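# Examining the three-dimensional arrangement
Okay, here's what each chain looks like letter by letter:
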Amino acid sequence: MHKRLVLDQQQIAIILKRFCHQLIENHDTFENTVLLGLQPRGPIVLDKIVSLLEEISGIKVPFGYLDATFHRDDFRRRDFPLKANETKIDFLIEGQKVILIDDVLYKGRSVRAALDAMIAFGRPQKVELMILVDRKYTRDYPIMPDYCGFKVNTLETQYVSVEWKENGFEKDAIWITEKV
């Protein structure tokens, strides 16, 4: 299998710190702002952002994890049933500015589903999207990130693989691999 390194641990750390500084610039004291990690892989990015924000600014931002599995438009079209993850939001998002966080933006289907899933917690004032890797030119929906770590051109035969130490990998890394 052909595998090409896109971002190493140091580059990912720089991007995450940049995200934090951008969030501080745009949301100042984070009054009326919440962060939501899109399951299943967004919570790892979210946890790193929350930790860095507290370290950099001393501010504790409300955050939660959102699962949009049952809101996906392809939910019943799969050959195998999708496994839902935990939604863990202990606050209302009514009137809040929501930053939705995920690792890779591909077709835009997960983000579209997340917008539907969020409504169960109230109508947000505004929604922004933070993505670690944007796979350009692959959208099925007109969805673009407000915060983007790295843009990459990929073929349909390729996959963006995100590896985290929290998941048992030696180092944090992002790879482009050929689909098998």
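What comes next is a walk through the structure. Given the structure is predicted, the values throughout are model-derived calculations rather than measurements. (Residues numbered from 1 in each chain as written. Predicted model: local features only at pLDDT ≥ 70, side-chain atom pairs only at ≥ 80, totals over all residues. Heavy atoms only, no water.)

### Describing the overall build of the chain
Test applied: By the criteria applied, helices consist of DSSP H or I runs no shorter than four residues and strands consist of E runs no shorter than two, each listed in order from the N terminus. Each residue gets one of three labels from its accessible area relative to the maximum for its type: buried under 20%, exposed over 50%, partly exposed in between, using a 1.4 Å probe on protein chains only. The contact definition used throughout considers only heavy atoms, calling two residues in contact when any of these lie within 4.5 Å. To be clear on the numbers: accessible area is Shrake-Rupley with a 1.4 Å probe, and residue cover counts the displayed protein chains and nothing else. For the charge count, each Lys or Arg is scored as positive and each Asp or Glu as negative, with His and the chain ends excluded. For charged residues, the charge sits on one atom: NZ in Lys, CZ in Arg, CG in Asp, CD in Glu.
In terms of helices and strands, the chain carries three helices and eight strands. Order of helices (α) and strands (β) in the chain, N terminus to C terminus: β-α-β-α-β-β-α-β-β-β-β. Residues counted as buried form 47% of the 180 residues belonging to the chain. A separation threshold of at least 6 residues defines the contact pool for the chain, and within that pool the share at least 24 residues apart is 68%. Of the roughly 10,000 Å² that the chain leaves accessible, carbon and sulfur atoms contribute 50%. Of the side chains in the chain, 26 bear a positive and 27 a negative charge, and the two mean positions are spaced by 4 Å.

### Quick notes on the packing of aromatic side chains
Put simply, the rule reads: Only Phe, Tyr and Trp rings take part, Trp by its six-membered ring, and two of them pair if their centres are within 6.5 Å. Stacked means planes under 30 degrees apart, edge-to-face means over 60, and tilted covers everything else. Charge-over-ring contacts are defined here by two conditions on Lys NZ or Arg CZ: a distance within 6 Å of the ring centre and an angle within 35 degrees of the ring normal.
The full count for this structure, using the stated rule, is one aromatic pair. Judged by centre distance (6.2 Å) and plane angle (55°), the rings of phenylalanine 63 and tyrosine 65 are tilted. Owing to a relative accessible area of 34%, phenylalanine 63 belongs among the partly exposed residues under this scheme. When the ring centre of tryptophan 175 is taken as reference, the NZ or CZ atom of lysine 3 above it lies at 4.5 Å.

### Digging into the pattern of salt bridges
This is how the line gets drawn: Salt bridge criterion: a side-chain nitrogen from Lys or Arg within 4 Å of a carboxyl oxygen from Asp or Glu.
Overall, the coordinates contain 10 salt bridges when judged by the stated rule. Put simply, glutamate 166 and lysine 48 hold a salt bridge, and the shortest N to O gap is 3.0 Å. With glutamate 166 in the loop between strand E7 (158-163) and strand E8 (173-178) and lysine 48 in helix H2 (residues 42-57), this residue pair connects regions lying 118 residues apart in the sequence. Taking the shortest distance from any N to any O, the salt bridge between aspartate 134 and arginine 139 comes out at 2.3 Å. Residue classification places aspartate 134 among the buried residues on the basis of a relative accessible area of 1%. Shared partners join several salt bridges into a network, and the residues in it are Lys48, Glu166 and Asp172.

### Some words on the packing of helix H1 (residues 9-27) against H2
This is how the line gets drawn: Geometry is summarised by axes, namely lines fitted to C-alpha atoms with helices restricted to the contacting stretch, and by angles between N-to-C directions that run from 0 to 180 degrees. Crossing handedness follows the turn of the near helix against the far one: under a right angle anticlockwise gives a left-handed crossing, and clockwise gives a right-handed one.
Relative orientation of the contacting elements H1 and H2 amounts to 65°, with a least axis distance of 9 Å. Note that H1 runs across H2; the crossing there is right-handed. Contacts between H1 and H2 involve Leu16, Lys17, Phe19, Cys20, His21, Leu23 and Ile24 from the former and Val45, Lys48, Ile49, Leu52, Leu53, Ile56 and Ser57 from the latter.

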